[in-house]
Amino acid sequence: MMKPIILLVEDNAPLRSAILDFLTREQFSVIEADCAAKAAELYRKHHPQFVLLDIMLPDGDGYDLIPSMRAHHDAYIIMLSSLNGIQSKKISYEKGADDYICKPFDMWELKLKIQAAAKRLSVSQGICRVGDISLRLSTGELTCGENSIFLPPTQSSLLKALIDAFHQETTLTVEAVSEGVLSTAVHSRRQLNTMITRLRKSLSECGSRALHIESVYGKGYYLVVLDGRKG
């Protein structure tokens, strides 16, 4: 099974080396950057599924990298910072980060967070098909015709949940999401709306024209396949 790519962005060389060594021993595929410019370059080139992002970098800060990353490719972003105040966390989440770990941290905590986010992808190597797309669960690869992109774990598990609801002819409710059908915790309706927006963008980028995500006010979301096929 293909391992997700992790982009590690950390300017502290000893810490970066320690994280790299640990994750490599744990069989993760890791690429590293020590500044914002290199991080942006590697992100565009490799399309990682995870980003471990330091806030204070020599040529900028991690906050400013998040929107540009989101605009290009949607990865699962975990902030790594010695700033443990609520304001830093607030800015990170508002910019689009998915999680936040304060330094110093236990390496096993980092591993568990990555594994939890990737849980849906590691459980199965099957392929889900609906409308004009297919989703390979083991890698998060979304395919439409000859086009393919790799979804981060959050989007992959959300799409899988929507596909399951579609085949069951039900709506994916906000309550079901908050109770743990996804690989990451959802703390608010606004957070879920943001996740849906990102998934819609990914479907469009992949070239899907038959699959749409519709909302039921105050209840949840469901898939619509324009040609009526259920895959």
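Values in this document were obtained by computation on a predicted structure and should not be read as measured data.

Caption draft 1: The arrangement of the overall build of the chain in detail. Secondary structure assignment for the chain yields 9 helices and 14 strands. Taking contacts inside the chain between residues at least 6 apart in sequence as the whole, the part at least 24 apart equals 60%. Accessible area of the chain: about 11100 Å², with a carbon and sulfur share of 51%.

Caption draft 2: View of the environment of glycine 145. Among the secondary structure elements, glycine 145 is positioned in the loop between strand E10 (141–144) and strand E11 (147–150). Separated by 13 residues in the primary sequence, glycine 145 and aspartate 132 place their C-alpha atoms 7.4 Å from one another.

Caption draft 3: Here's a closer look at the sheet that holds strand E7 (residues 99–102). Across the sheet, which stays open at both edges, the 5 strands sit in the order E2-E1-E3-E6-E7 with parallel pairing between neighbours. Since the sheet does not close on itself, it has two edges, and those belong to strand E2 (29–33) and E7, each with one partner. Strand-to-strand twist across the sheet, computed as the mean angle between neighbouring axes with direction ignored, equals 20°. Against the sheet, helix H1 (residues 13–25) contacts strand E1 (5–9), E2, strand E3 (50–54) and strand E6 (76–81), and its axis sits at roughly 170° relative to E2.

Caption draft 4: Structural context of the packing of helix H3 (residues 62–72) against helix H4 (residues 86–95). Running from N to C, H3 and H4 point in directions that differ by 15°, and their axes come no closer than 9 Å. Here H3 is positioned roughly parallel relative to H4, judged by the angle of their axes. Crossing angle aside, the handedness with which H3 passes H4 is right-handed. On H4, the residues that touch Tyr63, Asp64, Ile66 and Pro67 of H3 are Ser88, Ile91, Ser92 and Lys95. Looking at the contact of H3 with H4, its residues break down into 4 nonpolar, 2 polar and 2 charged.

Caption draft 5: Quick peek at the confidence of the model for the chain. In this model, the chain carries an average pLDDT of 85, and 88% of its residues clear a pLDDT of 70 or more. The element-level mean pLDDT for the chain is lowest in helix H6 (residues 119–123), coming to 50, with H1 highest at 96.

Caption draft 6: A look at the packing of H1 against helix H5 (residues 107–117). The contact between H1 and H5 brings their axes to 11 Å, and the two run at 55°. One way to sum up the angle between H1 and H5 is to call them oblique. Handedness of the H1/H5 crossing: right-handed. Residue-level contacts link Ala18, Ile19, Phe22 and Leu23 of H1 to Met107, Trp108, Leu110, Lys111 and Ile114 of H5.

Rules and cut-offs
Residues numbered from 1 in each chain as written. Predicted model: local features only at pLDDT ≥ 70, side-chain atom pairs only at ≥ 80, totals over all residues. Heavy atoms only, no water. Helix = DSSP H or I, 4+ residues; strand = E, 2+ residues; numbered from the N terminus. Contact = heavy atoms within 4.5 Å. Areas by Shrake-Rupley, 256 points an atom, 1.4 Å probe, with all protein chains shown as cover. Pairing = 2+ DSSP bridges. Axes fitted to C-alpha atoms, helices over the stretch in contact; angles between N-to-C directions. Parallel < 35°, antiparallel > 145°, perpendicular 65-115°, else oblique. Left-handed = near helix turned anticlockwise from the far one by under 90°. Nonpolar A, V, L, I, M, F, W, Y, C, P; charged D, E, K, R; others polar. pLDDT = per-residue confidence, 0-100.

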